[in-house]
Structure formats: structure tokens, C-alpha cells
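A closer look at the structure
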Amino acid sequence: MNPSPMIDSTSLVLLLAFSVSVLGLFVFIWSMSNGFFNTKESGSHIIFEKDEIGLVEDPATSQSSHELQDAAGKTDASLSAAELDDRLIADKSSAIPAFVCLLASVCWLIIGSAAAIVSSIKLHNPDWLVDSAWMTFGRLRTIHLNSIIYGWASMAGIGVSLWLIPRLLKTPLVGAKFVYWGAMIWHVALMCGVTAIGLGYTDGMEWLEMPWEIDIFIVIGGALMGLPLFLTLMNRKVDHLYVSVWYIGAALIWFPILFFVANIPHLYFGVQGAAMNWWYGHNALGLWFTPIGLGAAYYFIPKVLGRPIYSYNLSLLGFWCLAFFYSQVGGHHLIGGPLPTWMVTLSIVQSVMMIIPVFAVAVNHHMTVGGNFKAVLHSPTLRFIVLGSMLYVAASIQGSLEALRSVNVITHFTHYTVAHAHLGMYGFFTMVMFGSIYFIMPRIVGWEWPHPWMISAHFWLVSVGFAIYFIGLTIGGWLQGLAMLDASKPFIDSVTVTLPYLKARSVGGSFMVLGHIIFVVHFFLISLRYGSKKEPALLIPKVNIPFIKDAKVAAKELKRG
């Protein structure tokens, strides 16, 4: 093979990525000069109303005993009736679009979970369910991956983002009709894509398996669902953009570009295809799911606790370091491959540099929750999101270490890498989405979660199950890598050594799937407004009523519940 075209192509990709980073820097400078960023600590107060700081808010918790407020600290904070009315209007504007996306996401969660557990069992029982071609491991595992990535995770992220934007910008959502059309196009395309994979039609690259002819409609659908963000942005009623807006907005810009460039047909072959594959695969996680997850965490953690984020400057540092450092980290998956050494080394350096934004997030979230860990016990939303934030830090540090050649030589091509991928995608992102949905759904349907025990059961099942899953695959993968490096051992030893850990993976996965079933059943129960409506029905925070007119408004809102 003539190496020059490959070098030219990869150089072009790197140059484009670097140009985007430089452009991002200029956008940052421009945004600072135009007041979009408020680097003062008062910038963290933008998500609260004037007298709201100190007031907890978690619709997923039981309000009968005020345990959450007691855990967070007594307060005289309150909302005025007018402020409450504005918030209810914003929530109502995004309710149906967000619900459409969340409903689709939980359906795909069940489909993806079913494919996952069957695929997991096949790893240690390969002769199970082999009568049909679409049930073979190669196809079923790919169905699982695409159902989770483009079904559950993407739609949950878009749904949560659509609900957050009106609250963050303090204005009703604009352009809801685009969400409906976009969601319809996206899901018809995804169903066609999953069906094509089951029938054996695939583009053959991980995370990019769906035929490119179908991917065109994913791009169109995603663009339509993201359009309301920018329409609403033009009607914002805030002085500056809170950091969550930048995370979510950047994700909705980055992903269509990534997905479109990676799916250009007949352009990438051989080594070029591998380089592009991991450029996309890693950036889909770091520039699509990570920003949405962090944007949600930066809103819900302070909102539930009723206290601003610890350091607003750290939150800005974390965002821009993610934007500048992440774009080339995927190359460390190709260590030892026929790529230019400088390209792989650049990827390793950028992977290690990611420790900077990770520690910014770790310090910020820990110090915000610090002294209020008792509140985590009483808040279902915090329970999931705080755990997700902790696992984000763990996954990111592990990823930086895994990029080092001395570690990569052991972990490459092993189940260790699978465990690491799930630590980021499931331990971080999915946990944050679970917590976000528990907060959002009561606001969407005006109803409390019918059975608090189902929330607790869901949390413990997925937490314990994921711990078994992750620890099992991590140990098994490390032993697998050591066995492959031992020239005195036959290759089959590296396979048999993993069998107990693959069985542990299936056990942990079974707990997780059971947790998913409980979560989805509970989701449908609240959607159908099952069960009795408790007081206060809409879980409205404490309202300050200074005037008779406001008193009537507040009474009307409370009665509406």
C-alpha cells in the first residue's frame, strides 16, 4: 500500500480537528467579550430565582416528611407566585416534545437490554440460540449497540436537553413541531438500520454499522430535533448562558458534524477507515454523550440541593478543556497499528491532558455535594446523578491511564476495554439519565411516581449489577491480556481464563436488565397517571405570597394539581 494517501488523509482530519479547536477558542473569546459568559461566581446563580437559593427541589422524593429539605438545611427561601407561574409555563412548553423522546428511549432500552443479555450469555455458551442468522453473536451484539447508542442514550439525552433548555433560558420552548418530525424520521431510520443489521447488511465499522443510506435520515432527524434549542436561544430571557447551555448546545452541534463526516460513503478504506472509525467512536462518547451528561449534572445537582455550584470558573474550565483536548483521543485505540507514530502519540498526550477537565468536574461536584451527602440518601435524583458523576471521574482517569502504551499493551483486544467503555457509557451517562428522568417525569405529567420502592429497587439492582459486571470484566480482561502476552501459553488459555468472569458479566447484566424492566414499568405507570395523587400533587416548592393577586395565582396553581 502506498502510505502517502493515508498520511495525507489522516493529516487532513487532524488539521480540520485542530481548526475546529482554534475556531472554538475564538468563539470563547467572542462570547466573553459579548457577555455570554459570566466568570463571576454570581453566574452560578442564574438557574435560581431571586430568593430561591436554599430551597430543595426533587419531584421524585416523598414530600410528606420534608426529609430532603431537613437534610439540605432549614431555609426561609421561596418562590413568588409569578416566578412559579413562569417556571410552569416553561415546563409545559417542553413537556410533550421531551416526553416523545423519553418514551422512545425507554422502549429502545428494553430492546437493547434484551439483545445485551442474550449476547452476554453467548460468550460463555456459544451454542445457545444459533438456529437463526440474526440471533448469532455478531449480529445480536451489534443490534444491542445501535439500540442503546442511537435509541436509548441519544433519545434520552435529547429528551432531557429539550426539557432543560426552557428552564435554563427561562423562556418557553420554540419549535416543538420540529421535534415531532425529527423524532419520527430518526426512529423510522433506526428501525430500518437495526433490521438491516439483523439481516446482515452493515458498513462494518463499530458504532457505524448501519448502512450509510439510512444514516442520511438519522442526520436529518437529529438536525430537526436540535433546531428548537437554537430557536429558543434567540428568545432567551437570561443575562448570560449557564454552563449547562454550553455543554448541551455544543453537543447538538458536534454530533451531527461527527456523524455526517464519519458516514461519507466510499471515502475511508483500510487504515484510513480504522483511523476515522475511532475518531468517530471516541468523539461520539466524549463530544455527544459526555457534554449532555455533564450539562444535566451541572443543573440537577445544585437545583436539587438548592445551592449554587461550588466554583463557576471551574465549570467553564472543564467545558473548554473538553472542547480543546478531546477531539483526538480516539487514536490510542490504534496503538501498534500501521499509523504514523506522531498521530498515536498526539492521541496519548491529549488523553492524559483530559485529566484537567475531569478534575475540574470532580472538585466542583464533590464540593457542591460536600456536607450534604445526607441529602443524597433522600433524593432519588441525586442518588443516580451523584453516582454517575463519580463514575465519570473514574472512567476518565482510567481512560487516560489506558492510553499509555505500557498499560495498553496489556488491555488492548481484551474484555478490560469493554468494561471501561461501559463505565463511561453506563456508569456515567446512563446513571445521569436515570436520575434526570426521575426528576423530569413528574413535571411532565403532573403526577408523582406511584411506587417509591420501585425507584429504590431500580437503583440497587443496576448499581450492584453494574459493579459485578464491571469488576468481573476488568479482572478477566487484565488476566486475558497477560495470557496473550505470555509466549509460552497457547492462545486458548487467554480464552478459558475469562470464562468465570464472563459468567459474572451475565449475572451482573441480569441484575441490570431486571432494574431496567422495573424502571420502564414505573415509567409507563406514571405516564398513565396510575395510583393515587398525593399532596402536594405537583410537588411545587414553597411559594412566597406577598400580595393578594399573587395569592390567587398560587392558589389556582395548587388547585390545578
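Predicted, not measured: the structure shown is a model, and the values here were computed from it. (Residues numbered from 1 in each chain as written. Predicted model: local features only at pLDDT ≥ 70, side-chain atom pairs only at ≥ 80, totals over all residues. Heavy atoms only, no water.)

The subject of this paragraph is the overall build of the protein chain. The number of helices and strands found in the protein chain is 19 helices and two strands. Within the protein chain, the proportion of its 561 residues that are buried is 58%. Long-range pairs, those at least 24 residues apart, make up 84% of the contacts in the protein chain with a sequence separation of at least 6. With the model as given, the accessible surface of the protein chain reaches about 22,900 Å², and the carbon-plus-sulfur share is 70%. (Helix = DSSP H or I, 4+ residues; strand = E, 2+ residues; numbered from the N terminus. Buried < 20%, exposed > 50% of the residue type's maximum accessible area, 1.4 Å probe, protein only. Contact = heavy atoms within 4.5 Å. Areas by Shrake-Rupley, 256 points an atom, 1.4 Å probe, with all protein chains shown as cover.)

This next bit is on the pattern of salt bridges. In this structure the tally under the stated criterion is seven salt bridges. In this structure, the salt-bridge partner of Arg-87 is Glu-57, at a minimum N-O distance of 3.4 Å. With Arg-87 in helix H3 (residues 81-124) and Glu-57 in the loop between helix H1 (3-33) and helix H2 (67-72), this pair connects stretches of sequence that are 30 residues apart. A single burial state applies to Arg-87 and to Glu-57, both of which are buried. Put simply, Glu-52, Glu-57, Arg-87, Asp-91, Arg-167, Lys-303 and Arg-443 are held in one network by salt bridges that share partners. (Salt bridge = Lys/Arg side-chain N within 4 Å of Asp/Glu carboxyl O.)

Our focus in this paragraph is a nonpolar patch on the surface. A surface patch of nonpolar side chains, amounting to about 530 Å² of accessible area, comprises Phe-413, Met-484, Phe-491, Ile-492 and Val-495. The topology assignment puts Phe-413 in the loop between helix H14 (405-411) and helix H15 (415-445). Residue classification places Phe-413 among the exposed positions, given a relative accessible area of 66%. (Patch = residues over 30% accessible without salt bridge, like charges linked within 9 Å, V, L, I, M, F, W, Y side chains within 5 Å.)

The next subject is the packing of aromatic side chains. Throughout the structure, instances matching the rule amount to 36 aromatic pairs. Considering the side-chain rings of Tyr-299 and Phe-300, the 5.3 Å spacing of their centres and the 85° angle between planes classify their relative orientation as edge-to-face. Its relative accessible area of 2% is what places Tyr-299 among the buried residues. Geometrically, the ring pair formed by Tyr-438 and Phe-519 is edge-to-face, given 5.7 Å between the ring centres and 75° between the ring planes. (Phe/Tyr/Trp six-rings, centres within 6.5 Å; stacked < 30°, edge-to-face > 60°.)

Turning next to unusual backbone geometry. Positioned with a positive phi, Lys-170 is a non-glycine residue whose angle comes to about 55°. Mapped onto the elements, Lys-170 comes out in the loop between helix H4 (137-169) and helix H5 (176-198). Residues other than glycine seldom take positive phi values, yet Phe-413 does so here, at roughly 65°.

Looking at the protein chain as a whole, its pLDDT mean stands at 87, while 86% of the residues score no less than 70. Least confident of the elements in the protein chain is helix H19 (residues 548-560), whose mean pLDDT is 45; most confident is helix H18 (residues 499-527), at 98. Low pLDDT, under 50, characterises residues 545-555; the predicted model gives this stretch eight contacts beyond four residues in sequence or across chains. In this model residues 557-561 is a low-confidence stretch, pLDDT under 50, and it forms nine contacts with partners more than four residues away in sequence or in other chains. (pLDDT = per-residue confidence, 0-100.)

As a further point, take the side chain of Arg-443. The residue Arg-443 is located in helix H15 in this model. Overall, the relative accessible area of 13% leaves Arg-443 in the buried class. Separated by 2.7 Å, the side chains of Arg-443 and Glu-57 make a polar contact. (Polar contact = N/O pair within 3.5 Å; in protein donor to acceptor, adjacent residues only side chain to side chain.)

Moving on to the packing of H4 against helix H7 (residues 243-262). It is at 10 Å that the axes of H4 and H7 come closest, and there the two elements cross at 140°. Between H4 and H7, the angle is such that the two are oblique. Once H4 is placed against H7, the crossing between them reads as left-handed. On H7, the residues touching Tyr-150, Ser-161, Leu-164, Ile-165, Leu-168 and Leu-169 of H4 are Ser-244, Val-245, Ile-248, Phe-255 and Phe-259. Taken together, the residues that form the contact of H4 with H7 break down as nine nonpolar, two polar and no charged. (Axes fitted to C-alpha atoms, helices over the stretch in contact; angles between N-to-C directions. Parallel < 35°, antiparallel > 145°, perpendicular 65-115°, else oblique. Left-handed = near helix turned anticlockwise from the far one by under 90°. Nonpolar A, V, L, I, M, F, W, Y, C, P; charged D, E, K, R; others polar.)

Further remarks concern the packing of H3 against H4. Interaxial distance between H3 and H4 falls to 7 Å at its minimum, and their mutual angle equals 165°. With respect to H4, the axis of H3 lies roughly antiparallel. When the axes of H3 and H4 are compared, the crossing they make is left-handed. Class assignment of the residues belonging to the contact of H3 with H4 gives a composition of 25 nonpolar, 10 polar and five charged.

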